[in-house]
Amino acid sequence: MATRIAYSPCPNDTFVFHAWAHGLVPGAPELDVTFADIDVTNGMAERGELDVLKVSYAVLPWVLDEYALLPCGGALGRGCGPLVLAREPGLDLAGRTVAVPSDRSTAYLLFRLWARTLPGGGVGEVVVMPFHEIMPAVRDGKVDAGLVIHEARFTYQEYGLHCLADMGEHWEATTGHPIPLGAIIAKRSLGADTLRRLADAARASVRMAWASPSASADYVREHAQEMAPEVAQRHIALYVNDFTEGLGPAGYEAVHTLLSEAAAQNLVPSVPREALTFP
């Protein structure tokens, strides 16, 4: 039976999983792929759906009893954090409405940690909307500001918007750690041997993508919707890096720090360090 997996149609995920999804990784479990945005996969994880999921690191406190964090395949890095955008530069967010892509996302956690440092202690109303609707909503005055992720880093100027703050810059400046964004998780009930096979397959798929970047080009383009090819390439270059191949000690420490700081602010339940350990 094929392993049921869900990841986003974003270029970094289709680039990473292309080889595995197309049966090109020797000995890897067959995949049955569902494409879904991160807020959808976060909900899937909380409901215990599917075998393997790409989720926000921020959702881990609610799902680690059922799912194990795989040590590879995800998104964690430097200079890749979410941005807060507005129509006018220097906008004071006190009492303002801010759109966010998910209230279970890492972007949202980073935003809340940053907002607590603002004069007056934060912002006004927070509304959740699909990430591709946020920049148009800010541009059209439906909300005062928006928290954006993914390729919006490269395209927000096209909407006439200004960057108020870079959540990644704030995180890196205050902690020194890289930015945890998206994690790959798999059901613990699959067993330790299968979990290791899944991790090995994800790592091999990453390495194959790097070895032959052109092989995944059609797959990436097919699912990147209307994204310009050069934007897709910048997206991949930013979000697929050494931490995708393996979290390593620095990656695990970044994840632990994020969840610990968020728990200290009562934003997520507390997560013991050992819960992040791969079987």
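Everything discussed here concerns the structure shown above.
Definitions and limits used
- Residues numbered from 1 in each chain as written.
- Predicted model: local features only at pLDDT ≥ 70, side-chain atom pairs only at ≥ 80, totals over all residues.
- Heavy atoms only, no water.
- Helix = DSSP H or I, 4+ residues; strand = E, 2+ residues; numbered from the N terminus.
- Rg over C-alpha atoms; globule rule 2.2 N^0.38 Å.
- Areas by Shrake-Rupley, 256 points an atom, 1.4 Å probe, with all protein chains shown as cover.
- Buried < 20%, exposed > 50% of the residue type's maximum accessible area, 1.4 Å probe, protein only.
- Arc of directions from axis to C-beta.
- Contact = heavy atoms within 4.5 Å.
- Polar contact = N/O pair within 3.5 Å; in protein donor to acceptor, adjacent residues only side chain to side chain.
- Core = buried A, V, L, I, M, F, W, Y, C linked by side-chain atoms within 4.5 Å.
- Pairing = 2+ DSSP bridges.
- Axes fitted to C-alpha atoms, helices over the stretch in contact; angles between N-to-C directions.
- Phe/Tyr/Trp six-rings, centres within 6.5 Å; stacked < 30°, edge-to-face > 60°.
- Lys NZ or Arg CZ within 6 Å of the ring centre and 35° of its normal.

### A closer look at the overall build of the chain
And step 1. Scanning the chain from N- to C-terminus turns up twelve helices and eleven strands.
And step 2. The globule rule puts the C-alpha radius of gyration for 279 residues at 19 Å, and the 18 Å found for the chain is close to it.
And step 3. A principal-axis box enclosing the C-alpha atoms of the chain has dimensions of 55 × 40 × 30 Å.
And step 4. Here the chain displays about 11,800 Å² of accessible surface, and carbon together with sulfur accounts for 48% of that area.

### Structural notes on helix α7 (residues 167–175)
And step 1. Listed as buried for α7 are Met167, Gly168, Trp171 and Thr175. The arc that holds the buried residues of α7, viewed along the axis, is 100°, so those residues lie on one side. Those residues of α7 that are exposed and aimed more than 90 degrees away from the buried face are Glu169 and Ala173.
And step 2. Turning to α7, the residues buried within the fold contact β6 (83–86), α4 (106–115), β9 (145–148), β10 (162–166), β11 (179–187) and α12 (248–264).
And step 3. The backbone nitrogen of Gly168 lies 2.8 Å from a side-chain oxygen of the residue at the head of α7, namely Asp166.
And step 4. Following α7 by one or two positions, Gly176 has its phi on the positive side, about 80°.

### Looking at the nonpolar core
And step 1. Core analysis: the largest hydrophobic core is formed by 87 residues, its most contacted members being Leu53, Tyr57, Leu60 and Phe111.
And step 2. At eight residues, α4 tops the list of elements feeding residues into this core.
And step 3. Setting aside residues no more than four positions away along its own chain, Leu53 makes contact with Ala6, Thr41, Met44, Ala45, Tyr67, Ala183, Ile184 and Ile185.

### A look at the sheet that holds strand β7 (residues 98–100)
And step 1. The sheet built from five strands is open, its strands ordered β8-β7-β9-β6-β10 with mixed pairing. The sheet is open, and its two edges are formed by β8 (126–128) and β10, each paired on a single side. Here the strands of the sheet are splayed against their neighbours by 30° on average, with no regard to which way each runs.
And step 2. Against the sheet, helix α5 (residues 131–139) touches β6, β7 and β9, its axis set at about 160° to β9.
And step 3. The strands touched by α7 within the sheet are β6, β9 and β10, with β10 carrying the most contacts at an inclination of about 25°.

### A few points about the packing of aromatic side chains
And step 1. Under the counting rule described, the total for this entry stands at five aromatic pairs.
And step 2. Ring geometry for Phe35 against Tyr219: centres 6.2 Å apart, planes inclined by 55°, an arrangement best described as tilted. With Phe35 in strand β2 (residues 31–35) and Tyr219 in helix α9 (residues 217–223), this residue pair connects regions lying 184 residues apart in the sequence.
And step 3. According to the relative accessible area criterion, Phe35 is partly exposed, its value standing at 31%.
And step 4. Measuring from centroid to centroid gives 5.9 Å for Phe111 and Trp114, while their planes differ by 40°, and the two rings are tilted. Of this pair, Phe111 and Trp114 both sit in helix α4, separated by three residues, roughly a single helical turn. For the pair Phe111 and Trp114, one class covers both residues: buried.
And step 5. The structure contains a cluster of three or more aromatic residues connected by ring pairs, namely Tyr7, Phe17, Trp20, Phe35 and Tyr219.
And step 6. Positioned over the ring face of Trp62 is Arg104, at 3.8 Å from the centre of the ring.

Such coordinate-based values are descriptive only and should not be taken to indicate function.
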